[in-house]
Amino acid sequence: MDRPTIKDIAKVLNISPSTVSRALSGKPGASEELRKKVLKTAEEMGYMKNLSAQSLKNSKSKIIGIIAFDIRNPFFLDFLKGVEDVLFPREYKILLSTVDENVDKERTYLNWMVSQGVDGILSSPITEKNGKSNLKLYQNFYKMGVPIVFYDRMFYNQEQFDYVIVDNQDAIIQALIHLKENGHENVSIFLSKKGVFTIEERLKGFLKGCELLNIKTRKEWICEDIYPHEKAFDILKNLKEKSHLPTAIIATNNNITKNIVSSSRKLNIKIPDELSLIGFDDTPENELIAPPLTTIKQPILEIGKIAATALLSRIEDRFAKPMRVVLKTELITRGSVRNLK
């Protein structure tokens with residue numbers, strides 16, 4: 001397949017190639033409306049700006065692009081360590097972009113990374129609650145031969161891509177089994193941004209686990225779309241005021257976990273005496289707070305190492321069979337779950 005050029009885009013839009021160039025590079029001379037139109041057309045045509053003809057033929061930049069959904073999430077500390085452990089000995093450099101759960105920002109960074117001639121991309125793709133995503137852009141890059149490996153998240157029914165994820169449904173089911181064994185029948189789940197692959201999978205695991213274990217569920221205990229995560233305070237406050245507090249909550253990411261802990265203190269809800277809590281992702285402070293926190297631990301370092309290894313393999317062989325890796329989590333039991341038996 002021939003690579004579309006700036007001239008091809010200009011011909012489709014009936015504008016000059018220089019205007020297209022300015023719009024793609026963000027330079028003055030193109031309105032915001034026109035810039036968006038040019039970017040959309042370039043996306044649809046599968047355009048990739050290339051730094052030089054030589055880079056297309058035989059050169060490698062030795063640079064890997066990484067799309068992070070939110071660099072403030074502690075997940076990325078261990079993930080990046082795992083990636084670096086694999087890439088550094090092979091003299092690869094990292095180009096990191098955090099997209100703050102924003103599809104438009106993700107699109108901008110993806111186009112920019114490819115324009116900079118990265119050898120491949122590690123991405124945790126964004127999907128908004130209305131279904132909006134950059135799937136088509138990823139597919140275009142895939143067709144053009146850009147090596148891409150998804151980590152932590154993926155797109156449903158798009159298994160042509162390499163991916164490294166955890167079994168999110170099983171993670172929640174194991175947490176529910178632990179709660180059931182400790183006598184908990186009234187359990188809530190606090191879910192982050194709706195539409196996100198990991199969150200949707202954790203909700204599926206919760207509903208499936210409650211059915212299998214005969215655990216009661218109420219509509220007000222399935223707390224969705226807690227983003228920003230500070231919204232956890234209002235939800236917890238509302239449940240307490242209406243006397244609808246469950247006996248236990250499963251949080252679905254580290255930020256929600258921290259907000260539940262801080263909100264419980266502000267609302268004078270004692271953990272675990274009045275409310276048991278299982279968090280998601282294990283960080284050092286989980287052992288330091290009182291009580292120490294029971295959490296679902298992801299093998300994050302391994303995710304980074306495997307994803308980086310998969311990407312290097314994809315760079316070497318564009319036509320290899322996709323690598324699909326699903327890892328198990330581990331429940332770390334501490335003191336935040338009360339035994340009700």
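So, here is what we can say about the structure in this document. (Residues numbered from 1 in each chain as written. Predicted model: local features only at pLDDT ≥ 70, side-chain atom pairs only at ≥ 80, totals over all residues. Heavy atoms only, no water.)

Focus: the overall build of the protein
When you go through the protein residue by residue, the secondary structure sums to 12 helices and 12 strands. Taking the average place of the 51 positive charges on the side chains of the protein and the average place of its 43 negative ones, the gap between the two points comes to 4 Å. (Helix = DSSP H or I, 4+ residues; strand = E, 2+ residues; numbered from the N terminus. Lys, Arg positive; Asp, Glu negative; His and termini not counted. Charge placed at Lys NZ, Arg CZ, Asp CG, Glu CD.)

A few points about the nonpolar core
The biggest cluster of nonpolar side chains holds 48 residues, and the ones touching the most others in it are Ile64, Phe79, Ile121, Leu122, Phe150, Tyr151 and Ile303. Element by element, the count of residues in this core is highest for helix H12 (residues 300-316), at 8 residues. Setting aside anything within four residues of it in sequence, one finds phenylalanine 150 in contact with Ser123, Pro125, Tyr138, Phe155, Phe161, Asp162, Tyr163 and Val164. Core analysis: the next-biggest nonpolar cluster, separate from the first, contains 20 residues, Ala171, Val196, Ile199 and Cys210 among them. (Core = buried A, V, L, I, M, F, W, Y, C linked by side-chain atoms within 4.5 Å. Buried < 20%, exposed > 50% of the residue type's maximum accessible area, 1.4 Å probe, protein only. Contact = heavy atoms within 4.5 Å.)

Describing the sheet that holds strand S3 (residues 120-123)
Strand order across the open sheet formed by 6 strands is S2-S1-S3-S4-S5-S11, with parallel pairing between neighbours. For this open sheet the edge positions go to strand S2 (93-98) and strand S11 (324-327), each flanked by a neighbour on one side alone. Sheet twist, expressed as the average angle between the axes of neighbouring strands with direction ignored, equals 15 degrees. Bridge count between S3 and strand S4 (residues 148-151): 3 bridges; the pairing is parallel. From the neighbouring strand, serine 123 faces S4, where its bridge partner is phenylalanine 150. Against the sheet, helix H6 (residues 103-115) touches strand S1 (63-68), S2 and S3, its axis set at about 160 degrees to S2. (Pairing = 2+ DSSP bridges. Axes fitted to C-alpha atoms, helices over the stretch in contact; angles between N-to-C directions.)

Structural notes on the sheet that holds strand S12 (residues 330-332)
Read from one edge to the other, the open sheet built from 6 strands follows the order S7-S6-S8-S9-S10-S12, with strand pairing classed as mixed. A single partner strand is all that each edge strand has here, and the edge strands are strand S7 (222-223) and S12. Sheet topology note: the strand S8 (residues 248-251)/strand S9 (residues 276-280) ladder contains 3 bridges and is parallel. Across the sheet, alanine 248 pairs through a bridge with serine 276, a residue of S9.

Looking at a nonpolar patch on the surface
Together, Ile71, Ile94 and Leu96 make up a nonpolar patch on the protein surface, roughly 210 Å² of accessible area in all. For isoleucine 94, the location among the structural elements is in strand S2. (Patch = residues over 30% accessible without salt bridge, like charges linked within 9 Å, V, L, I, M, F, W, Y side chains within 5 Å. Areas by Shrake-Rupley, 256 points an atom, 1.4 Å probe, with all protein chains shown as cover. Salt bridge = Lys/Arg side-chain N within 4 Å of Asp/Glu carboxyl O.)

Quick notes on the pairing of S2
Note that S1 and S2 share 6 bridges and pair parallel. Bridge assignment links isoleucine 64 to a residue of S2, and that residue is isoleucine 94. Remark: the S1/helix H5 (residues 75-87)/S2 crossover connection has right-handed handedness. (Right-handed = clockwise from strand over helix to strand, strands pointing away.)

A word on the packing of aromatic side chains
Considering all chains together, one arrives at 14 aromatic pairs under this definition. Aromatic side chains tyrosine 109 and tryptophan 112 sit 6.3 Å apart centroid to centroid with 65 degrees between the ring planes, which places their arrangement in the edge-to-face category. With tyrosine 109 and tryptophan 112 both in helix H6 and 3 residues apart, the pair spans about one turn of that helix. Ring geometry for tyrosine 138 against phenylalanine 150: centres 5.1 Å apart, planes inclined by 85 degrees, an arrangement best described as edge-to-face. Here tyrosine 138 is found in helix H7 (residues 135-143), whereas its partner phenylalanine 150 is found in strand S4, with 12 residues between them in sequence. Take tyrosine 138 and phenylalanine 150: they sit in the same class, and that class is buried. (Phe/Tyr/Trp six-rings, centres within 6.5 Å; stacked < 30°, edge-to-face > 60°.)

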